[in-house]
Amino acid sequence: MEQVKTTGNDMDDFDDAELEELYSWIDGIPLSRPKRNIARDFSDGVLVAELVRHCCSQKGLVDLHNYTGANSTNKKEENWRLMNRKVFTKLGFELGDDVMRDVITAKPGVIEKVLMMLRTKLNRAEWELKKQTQTKSKGGGGRKESDKPEADQYMGSPRGKGMKQDTSRGYLQDYKKDRTDARPDYPSIPKHKIIRSIAESDAVPRILFEEKEQECLAKDETIRILEAKIHRMEHLIHLKDVRIDDLQNRLETMRPTGVRR
């Protein structure tokens with residue numbers, strides 16, 4: 001099972017494109033609180049439960065009544081441990097104690113890591129659920145579902161009903177303003193980092209794209225190794241041929257003259 005891990009400066013693990021994509025995704029989902037500071041807003045786990053409830057069509061995965069807003073560390077930890085045990089493990093990942101501690105204390109960059117992993121796993125779960133549904137229906141005449149990931153289908157979704165749409169400016173706008181004003185809430189990203197932009201296909205979740213990409217890279221490396229071995233073998237064969245020719249020449253020179261063959 002995958003685990004979310006932290007580093008010394010977690011914000012340095014992201015590039016601008018990844019963070020902008022993440023903040024834009026969160027801003028597009030109706031949450032019960034105004035969006036001010038992402039680390040503090042998500043520190044008690046309540047908004048994470050709302051994200052899961054909104055984005056995942058799997059019934060019974062999360063019950064919002066089990067997660068209440070909290071200021072105390074103990075109550076926040078209770079929420080996160082329940083989320084870890086009841087939700088994250090079913091999605092195929094978990095948070096270590098150090099990660100939960102950093103999220104609760106609003107350490108910059110940690111909640112972004114958790115949300116990126118969560119988004120990937122939710123997209124994967126939705127894709128697998130949709131695939132199972134399509135297999136069972138066998139192309140029947142039922143209602144055709146959109147091929148877009150669930151995170152892109154919140155508009156008009158019944159899971160969004162009953163939750164007041166937040167009208168605050170959002171994390172993406174704050175993040176862009178922070179890069180201009182150098183505010184401490186969202187530390188600026190080093191400009192020397194390579195921007196890696198992976199477009200999410202309407203039909204293929206990002207995690208599958210990344211898995212295939214890694215497979216291709218591994219196969220390319222195998223091909224390069226085999227080509228190097230072939231080159232080495234061809235060189236050895238050439239050396240053997242030269243050695244054989246040399247031995248034949250020596251044999252001819254050592255053969256006595258006038259001896260009938």
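This one's a predicted model, so the numbers in the text were calculated from it and none came from an experiment.

A. Region of interest: the nonpolar core. Counting residues in each nonpolar core, the largest one holds 44 residues, and the members touching the most others are Phe42, Trp80 and Leu115. Mapped by element, the contributors of at least two residues to this core are helix H1 (16-27), helix H3 (46-55), helix H4 (73-91), strand S2 (93-95), helix H5 (97-104) and helix H6 (110-137). No other element matches the nine residues that H6 contributes to this core. Ignoring sequence-local partners within four residues, the contact set of Leu115 consists of Leu22, Trp25, Ile26, Ile38, Phe42, Val48 and Leu51.

B. Quick peek at the packing of H3 against H4. One can describe the packing of H3 onto H4 by two numbers: an axis separation of 10 Å at closest approach and a directional angle of 20 degrees. Accordingly, the angle class assigned to the pair H3 and H4 is roughly parallel. At the point where H3 passes H4, the crossing takes the left-handed sense. Where H3 abuts H4, its residues Val46, Val48, Ala49 and Val52 lie against Asn79, Trp80, Met83, Val87 and Phe88. For the contact of H3 with H4, the per-class residue count stands at eight nonpolar, one polar and no charged.

C. View of helix H8 (residues 206-254). For H8, which comprises 49 residues, the first-to-last C-alpha distance of 72 Å matches the rise-based estimate of 72 Å (1.5 Å per residue) to within 8%. Among the residues of H8, those classed as buried are Arg206, Ile207 and Leu208.

D. Quick look at a nonpolar patch on the surface. A cluster of nonpolar side chains, contributed by Met233, Leu236 and Leu239, occupies part of the molecular surface with about 260 Å² of accessible area. With respect to the helices and strands, Leu236 occurs in helix H8.

E. The environment of Met83, seen in detail. Relative to the helices and strands, Met83 is located in helix H4. Owing to a relative accessible area of 0%, Met83 belongs among the buried residues under this scheme. Taking the C-alpha atoms as reference points, Met83 and Glu94, separated by eleven residues in sequence, lie 9.3 Å from one another. Contact partners of Met83, with chain neighbours within four places excluded, come to Gly45, Val48, Ala49, Tyr67 and Phe88.

F. Representation of the packing of aromatic side chains. A complete count under the given rule lists two aromatic pairs for this structure. With a centroid separation of 6.4 Å and 45 degrees between ring planes, the pair formed by Trp80 and Phe88 is classed as tilted. Residue Trp80 shares its accessibility class with Phe88, and that shared class is buried. Arranged with centres 4.7 Å apart and planes meeting at 25 degrees, the rings of Phe88 and Phe93 form a pair that is stacked. On the accessibility criterion, Phe88 (0% relative accessible area) is buried. Ring-pair connections join several aromatic residues into one group, and the members of that group are Trp80, Phe88 and Phe93.

About the criteria used
Residues numbered from 1 in each chain as written. Predicted model: local features only at pLDDT ≥ 70, side-chain atom pairs only at ≥ 80, totals over all residues. Heavy atoms only, no water. Core = buried A, V, L, I, M, F, W, Y, C linked by side-chain atoms within 4.5 Å. Buried < 20%, exposed > 50% of the residue type's maximum accessible area, 1.4 Å probe, protein only. Helix = DSSP H or I, 4+ residues; strand = E, 2+ residues; numbered from the N terminus. Contact = heavy atoms within 4.5 Å. Axes fitted to C-alpha atoms, helices over the stretch in contact; angles between N-to-C directions. Parallel < 35°, antiparallel > 145°, perpendicular 65-115°, else oblique. Left-handed = near helix turned anticlockwise from the far one by under 90°. Nonpolar A, V, L, I, M, F, W, Y, C, P; charged D, E, K, R; others polar. Expected span 1.5 Å × (residues − 1). Patch = residues over 30% accessible without salt bridge, like charges linked within 9 Å, V, L, I, M, F, W, Y side chains within 5 Å. Areas by Shrake-Rupley, 256 points an atom, 1.4 Å probe, with all protein chains shown as cover. Salt bridge = Lys/Arg side-chain N within 4 Å of Asp/Glu carboxyl O. Phe/Tyr/Trp six-rings, centres within 6.5 Å; stacked < 30°, edge-to-face > 60°.

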